[in-house]
Amino acid sequence: MRKKRITMQKRVTLASLTGPAAAGYPKFSKHLSCLSTVDEAKMAVNSGPPPYYENHGYQPENIYISRHPVDTNLNPQYPPPSYPPSVPHYVPRVPTHQPAPPVIQPKPPSATLCTSNIKKTVCIALSIALILVGAVIAAILLWYFVANSCLGSSIECGSSGRCVSPSQWCDGVAHCSNGEDENRCVRLYGPNFILEVYSSVSKSWYPICQDDWNDNYGKIACRDMGYNVDTYYYSQGIANERGSTSFMRLNTSAGNIDLYKKLYHSDSCTLGTVVSLRCIRCGSSSKKVNVMGRIVGGSVAAQKEWPWQVSLQIEGSHVCGGSIITPEWIVTAAHCVEGKFSSPYSWTVYAGILTQTETRYRSGYRVQKIISHPNYDSDSKNNDVALMKLQTRLSFTDTIGPVCLPNPGMMFQPNQQCWISGWGAESQGGKTSDVLNAVMVPLIETSTCNSVYVYNGLVLPTMICAGYLEGGKDSCQGDSGGPLVTVKNSLWWLVGDTSWGTGCASRRRPGVYGNMTVFTDWIYRNMQANR
Ligand code: ARG
């Protein structure tokens, strides 16, 4: 650790990485000691409904232009970012000063060849033909690159690089080779998991009438979202609380065709209820929110309070935290798995533990695959989120279970109470804690967090701040990737993943977290494509 800019007072911090730091773990020496939500962040903290929620599932990834951090002198000697260009460069690399290819510029006919008039005519015709062929080839190549390079508003098919226009998504015709354009046309909206389908014709989302709906359809929709059928929980009809005036209904006499082709528009539902769908039983904890006084200031977690919390280890040392979202997927921070930490085989995941000591006597879970957000920027910490797929599935118990991923349309209020947990350092520069700690931190409005007195513009839409401007309670090194959760409708939701902060628990330097609401669509798409 280098010189601290801020003197620390007594602080109870949650996080931090002794182990990782010692192990040459990425040093966020920029004093952005890494911890990281979206427009939603904004919206999370603002009152107006953020436009972002509207169909954000179909927005291109790169909607967020990565800003360069304002020079606040926070990050001296930060290593240069080494991420791949996020936009493929299809520009043909033709040096401007090279002679043009012979096909296009045929050699001047030699004196011997084109002496007679007939020969001249043949030569000219041949030259023209060659030029035409060249032009056609060039036009075809140009068309190919334009059609496939997600320019403008088109959307990429999985990882194939192929692009299709938004009007072709969810239109019932597969344009992507793996049909990705047709299988993410459902979403769960708001805290009551209202199932909605997207219509490419009207470019909007519609709830589905409960009439004739059953679990088999529910399972199809969950599968299309990226869940595995074996976690399916239930679907039920609930009141049309959003006051929708347009719905989708099932045409049961349509025969054995695709679910989405059985749906048709309707102005009402016979039963008057819409489908609420739970693809996984998530967000249960033994924690009683009302008795929160005892964890103010950070305190030792109790068994079953944070069943989604995992410890991500390399060579027996705790490096980062993570959150369980399904039996095989863990959400963590992209900065935890960058560079030499990017190989899945170096990681071991421990679930259901309270102390690091326990990991010595237990076997962890091996990692099969790590997927970092393609637009993660190690410098600004933009899009600081990654997924880990386990080699073997977790079995859920009271102490091991998934947190709920936030649905579009969920509003988190400014100052909303959230909790962070982790084995990170208990003070700036300290070592990993043996016991799991947790503390309540309120969300901080992005405008406040970005003010000159706080982070002066470093908080991007993919981030959300939580903590105390007066300092004292925060996450710290080693808590990264771990959960920032809140409770709503008696369920626990993942609001963010610990990303960065200047120092730990310092005055006017709260923790910054990845804004999970912004990432859920990316998460579902990746779960879906990597099942
Ligand atoms: N980047 C840190 C990590 O890798 C988390 C730092 C959190 N800092 C803070 N002040 N909240 O563990």
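These figures come from a predicted structure and were not determined experimentally.

Conventions and cut-offs
Residues numbered from 1 in each chain as written. Predicted model: local features only at pLDDT ≥ 70, side-chain atom pairs only at ≥ 80, totals over all residues. Heavy atoms only, no water. Helix = DSSP H or I, 4+ residues; strand = E, 2+ residues; numbered from the N terminus. Buried < 20%, exposed > 50% of the residue type's maximum accessible area, 1.4 Å probe, protein only. Areas by Shrake-Rupley, 256 points an atom, 1.4 Å probe, with all protein chains shown as cover. Core = buried A, V, L, I, M, F, W, Y, C linked by side-chain atoms within 4.5 Å. Contact = heavy atoms within 4.5 Å. Disulfide = S-S within 2.5 Å. pLDDT = per-residue confidence, 0-100. Patch = residues over 30% accessible without salt bridge, like charges linked within 9 Å, V, L, I, M, F, W, Y side chains within 5 Å. Salt bridge = Lys/Arg side-chain N within 4 Å of Asp/Glu carboxyl O. Expected span 1.5 Å × (residues − 1).

*Asks:* Just give me the short version of the overall build of the chain, but keep the residues and values in it.
*Replies:* Helices and strands together make up the secondary structure of the chain, namely six helices and 24 strands. Counting only residues that meet the buried cut, the chain has 53% of its 531 residues in that class. On the chain, roughly 23,600 Å² of surface is accessible, and the fraction owed to carbon and sulfur atoms is 56%.

*Asks:* Now, about the nonpolar core: what can you tell me, with residues and values included?
*Replies:* One broad rule of soluble globular proteins: the nonpolar side chains tend to lie buried together. Membership of the largest hydrophobic core comes to 93 residues, with the highest contact counts inside it found for Leu277, Trp347, Leu484 and Ile523. Considering each element in turn, this core owes the most residues, seven residues, to helix α6 (residues 516–529). Here leucine 277 is in contact with Leu188, Phe193, Leu195, Gly218, Ala221, Cys222, Met225, Tyr232, Tyr234 and Ser235, once residues within four sequence places are set aside. Among the nonpolar cores identified, the runner-up in size contains eleven residues, and Cys449, Leu458, Cys465 and Trp500 belong to it.

*Asks:* How would you sum up the state of the cysteines? Please name residues and give values.
*Replies:* Going through the model one piece at a time under the given rule, you end up with six disulfides. Two residues, cysteine 209 and cysteine 269, share a disulfide whose sulfurs are 2.0 Å apart. The disulfide joining cysteine 209 to cysteine 269 has a torsion of about -75 degrees about its S-S bond and is therefore left-handed. One end of the pair, cysteine 209, is in the loop between β6 (204–207) and α4 (215–225); the other, cysteine 269, is in the loop between β9 (263–266) and β10 (273–278), and 60 residues separate them in sequence. Considered together, cysteine 209 and cysteine 269 belong to a single accessibility category, that of buried residues. Two residues, cysteine 282 and cysteine 404, share a disulfide whose sulfurs are 2.1 Å apart.

*Asks:* An account of the confidence of the model for the chain is needed here, citing residue identities and associated values.
*Replies:* Here the chain averages 78 in pLDDT, and 72% of its residues register 70 or above. Low pLDDT, under 50, characterises residues 1–114; the stretch is placed with 315 contacts to residues that sit more than four places away or in other chains. Within the model, the stretch residues 291–296 combines pLDDT values under 50 with eleven contacts to residues more than four positions away or in other chains.

*Asks:* Describe a nonpolar patch on the surface, with residues and values.
*Replies:* Side chains of Ile118, Val122 and Leu126 sit close together on the surface and give an oily, nonpolar patch of about 310 Å² of accessible area. Turning to its location among the elements, isoleucine 118 is positioned in helix α3 (residues 117–148).

*Asks:* Break down unusual backbone geometry for me, citing the residues and quoting the values.
*Replies:* Of all residues except glycine, most have a negative phi; of all peptide bonds, most are trans. Within the chain, phenylalanine 193 stands out as a residue other than glycine whose phi angle is a positive 50 degrees. Residue classification places phenylalanine 193 among the buried positions, given a relative accessible area of 7%. With a phi angle near 45 degrees, glutamate 315 is a residue other than glycine that sits in the positive phi range. Using a relative accessible area of 78% as the deciding quantity, one classes glutamate 315 as exposed.

*Asks:* Account for α6, naming residues and giving values.
*Replies:* Taking 1.5 Å per residue, 14 residues should reach 20 Å; α6 reaches 19 Å between its end C-alpha atoms and fits that length. Summarising burial for α6: twelve of the 14 residues are buried, a large majority. Burial in α6 covers these residues: Met516, Thr517, Val518, Phe519, Thr520, Asp521, Trp522, Ile523, Tyr524, Asn526, Met527 and Gln528.

*Asks:* Can you break down the pattern of salt bridges residue by residue, with the values?
*Replies:* Enumeration according to the criterion identifies nine salt bridges in this entry. Where arginine 249 meets aspartate 211, a salt bridge forms, and the shortest distance between an N and an O atom there is 3.7 Å. Of this pair, arginine 249 sits in strand β8 (residues 247–250) while aspartate 211 sits in the loop between β6 and α4, and the two are 38 residues apart along the sequence. One salt bridge in this structure joins glutamate 358 and arginine 362, with 3.2 Å as the shortest N-O distance. Look at the salt bridges and you will find they share partners, linking Arg187, Glu196 and Arg242 into a network.

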